[in-house]
Amino acid sequence: MSAPETFKGEDGKASDASGFFRSRWRGTAPLDRLFWRDLVLVGTAINIAFSVLALILLGLKLPLALALAVHFAPVPYNFFLTFAVWRTAEHTGGIKASLMTLGAVLWLIMVVVI
């Protein structure tokens, strides 16, 4: 058996899942991409999808515990994205980075509460 082949992404780094999480956590991903694409677009889409699935489960009269587990399943990923924006903004600096940090925290509050 051979090791799985990884493909180079647009930034020249491996595009496997661990490379995705590693680049976000280390602050090497561009802040604009991390905030707008990963957090706002993809993160919000994931949260909407899981909320809709939880509502479907409730509509099917499945246990409330299951629906709540599905609804709150993306919360660890939400915290990861928020802290990744925070860490990357610390490396970047400036008013734009500060506003993106504030936006990430407000986004986290919004998706966890709603």
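Provided above is the structure to which this section pertains.
Predicted model only: the values in this text are computed from it and were never measured. (Residues numbered from 1 in each chain as written. Predicted model: local features only at pLDDT ≥ 70, side-chain atom pairs only at ≥ 80, totals over all residues. Heavy atoms only, no water.)

Turning our eyes to something else, we now look at unusual backbone geometry. Even without being a glycine, Lys61 presents a positive backbone phi close to 60 degrees. Summarising the element assignment, Lys61 is placed in the loop between helix H2 (31–59) and helix H3 (64–72). Overall, Lys61 belongs to the exposed group, its relative accessible area being 74%. (Helix = DSSP H or I, 4+ residues; strand = E, 2+ residues; numbered from the N terminus. Buried < 20%, exposed > 50% of the residue type's maximum accessible area, 1.4 Å probe, protein only.)

Attention shifts here to the packing of helix H1 (residues 17–26) against helix H4 (residues 75–92). At their nearest, the axes of H1 and H4 sit 7 Å apart, and the two run at 45 degrees to each other. Of the possible angle classes, the one that applies to H1 and H4 is oblique. Side by side, H1 and H4 meet where Phe20, Phe21, Arg24, Trp25 and Arg26 of the first sit next to Tyr77, Phe80, Phe83, Ala84, Arg87, Thr88 and His91 of the second. Among the residues forming the contact of H1 with H4, the class breakdown is 7 nonpolar, 2 polar and 3 charged. (Axes fitted to C-alpha atoms, helices over the stretch in contact; angles between N-to-C directions. Parallel < 35°, antiparallel > 145°, perpendicular 65-115°, else oblique. Contact = heavy atoms within 4.5 Å. Nonpolar A, V, L, I, M, F, W, Y, C, P; charged D, E, K, R; others polar.)

Going through the model one piece at a time under the given rule, you end up with 7 aromatic pairs. Judged by centre distance (6.3 Å) and plane angle (85 degrees), the rings of Phe21 and Tyr77 are edge-to-face. One end of the pair, Phe21, is in helix H1; the other, Tyr77, is in helix H4, and 56 residues separate them in sequence. Classification of Phe21 as partly exposed rests on a relative accessible area of 38%. (Phe/Tyr/Trp six-rings, centres within 6.5 Å; stacked < 30°, edge-to-face > 60°.)

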